[in-house]
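Listed here are the chains, written in short residue letters.
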Amino acid sequence: MTPAEWVALVVIFLAASCLQAGIGFGMGMLAAPFIALIDPALLPATVIIMSILLTSIVTVAEKDSLDLRGAGWALVGRVPGSVAGALLVTVMAPAVLSWVVVATVVTGVVFSLRGWAPKVTRWSQIVAGAASGVMGTTTSIGGAPMAIIWQGSDSARLRGTLSAFLLVGSIISFGLLLAFGAVAPQTWLVVVWMIPVVLLGFVASRFITPHLDKTRTKRLALGASLLGCVLLVATQLMQLLA
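Below or above, wherever it landed, is the structure these notes cover. The structure presented is a predicted model; accordingly, all values stated were derived computationally and were not measured.

**Comments concerning the pattern of salt bridges**
Logical step 1: Across all of its chains, the model carries 3 salt bridges by this definition.
Logical step 2: With a closest N to O distance of 3.4 Å, Arg-206 and Glu-62 form a salt bridge. A residue pair is termed long-range when its members are at least 10 positions apart, and Arg-206 in the loop between α9 (186–205) and α10 (214–241) and Glu-62 in the loop between α3 (45–61) and α4 (68–91) qualify at 144 residues.
Logical step 3: Its relative accessible area of 9% is what places Glu-62 among the buried residues.
Logical step 4: Residue Arg-157 is joined to Asp-67 by a salt bridge in which the shortest nitrogen-to-oxygen separation is 3.5 Å. Of the two residues, Arg-157 sits in helix α8 (residues 155–179) while Asp-67 sits in the loop between α3 and α4, which places them 90 residues apart along the sequence.
Logical step 5: A relative accessible area of 34% means that Arg-157 is categorised as partly exposed.
Logical step 6: Through salt bridges with shared partners, a single network forms among Glu-62, Arg-159 and Arg-206.

Written out as structure tokens, the structure reads:
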């Protein structure tokens, strides 16, 4: 990669890490579309590895606010969803997967903005966890379904529970990608250089989180979900025009 591309990666991961550490998700949604323009082979493994690092830190930082039962039921769905996502990566065109993800997320966000708040039950969390597994493994955008389900949580609870869920889910997704041979060699070099950047993003987020109440967190989470969709659509359009 060129020096300009390395600088771009630093900026991307810094912003994406700050976002994820602030609301509990968002690294993949913000970073993946830009990384796809630099080197598509880095996806989704690079984002997933960095997510493992960051969600580990946030989970520990917000351990007192975790909803372990909710995260546990969501993980029941995440496992088969991740397996399905890994299989889809090998048999379906990335563009098709991206459009399906966009349609699903936009529908959920629009309904949420119109006042719909899904009832948080065992089965709704399992279904959302499965959707998160498929989306996270195929496009790195795995946080949106859980953010929609848990949109009524306070900021610390949302950050902690989402981080714990995404931590386990990311480990599962990464293991499956390794098993299917979907981790490019250059991924490891980028990971090593981006670790300090991700840590800096976490530190920066600590100056933001005290200002996030329940309402602001919900708006930011839904807004981040829509932003991720916009960036994913833009990426697909640019690839079509290239």
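**A word on α10**
Logical step 1: Taking 1.5 Å per residue as the helical rise, α10 with its 28 residues ought to reach 40 Å, and the 41 Å between its terminal C-alpha atoms agrees with that figure.
Logical step 2: Along α10, the residues that are buried comprise Thr-217, Ala-221, Leu-222, Ala-224, Ser-225, Gly-228, Cys-229, Leu-231, Leu-232, Thr-235 and Gln-236.
Logical step 3: In this structure, the buried residues of α10 make contact with α1 (3–23), α2 (27–38), α5 (94–113), α7 (144–149) and α8.
Logical step 4: Between the side-chain oxygen of the N-cap and the backbone nitrogen of Thr-215 there are 3.3 Å, and the N-cap of α10 in question is Asp-213.

**With respect to α5**
Logical step 1: Here α5 contains 20 residues, and its C-alpha end-to-end distance of 28 Å stays within 8% of the 28 Å for a straight helix at 1.5 Å per residue.
Logical step 2: Along α5, the residues classified as buried are Leu-97, Ser-98, Val-101, Val-102, Val-105, Gly-108, Val-109 and Ser-112. Looking down the long axis of α5, one finds its buried residues gathered within 145° of arc, a one-sided arrangement.
Logical step 3: Phi for Gly-115, located one or two positions after α5, is positive at around 105°.

Quick notes on the rules
- Residues numbered from 1 in each chain as written.
- Predicted model: local features only at pLDDT ≥ 70, side-chain atom pairs only at ≥ 80, totals over all residues.
- Heavy atoms only, no water.
- Salt bridge = Lys/Arg side-chain N within 4 Å of Asp/Glu carboxyl O.
- Helix = DSSP H or I, 4+ residues; strand = E, 2+ residues; numbered from the N terminus.
- Buried < 20%, exposed > 50% of the residue type's maximum accessible area, 1.4 Å probe, protein only.
- Expected span 1.5 Å × (residues − 1).
- Contact = heavy atoms within 4.5 Å.
- Polar contact = N/O pair within 3.5 Å; in protein donor to acceptor, adjacent residues only side chain to side chain.
- Arc of directions from axis to C-beta.

Limitation: the analysis is restricted to geometry and does not speak to function.
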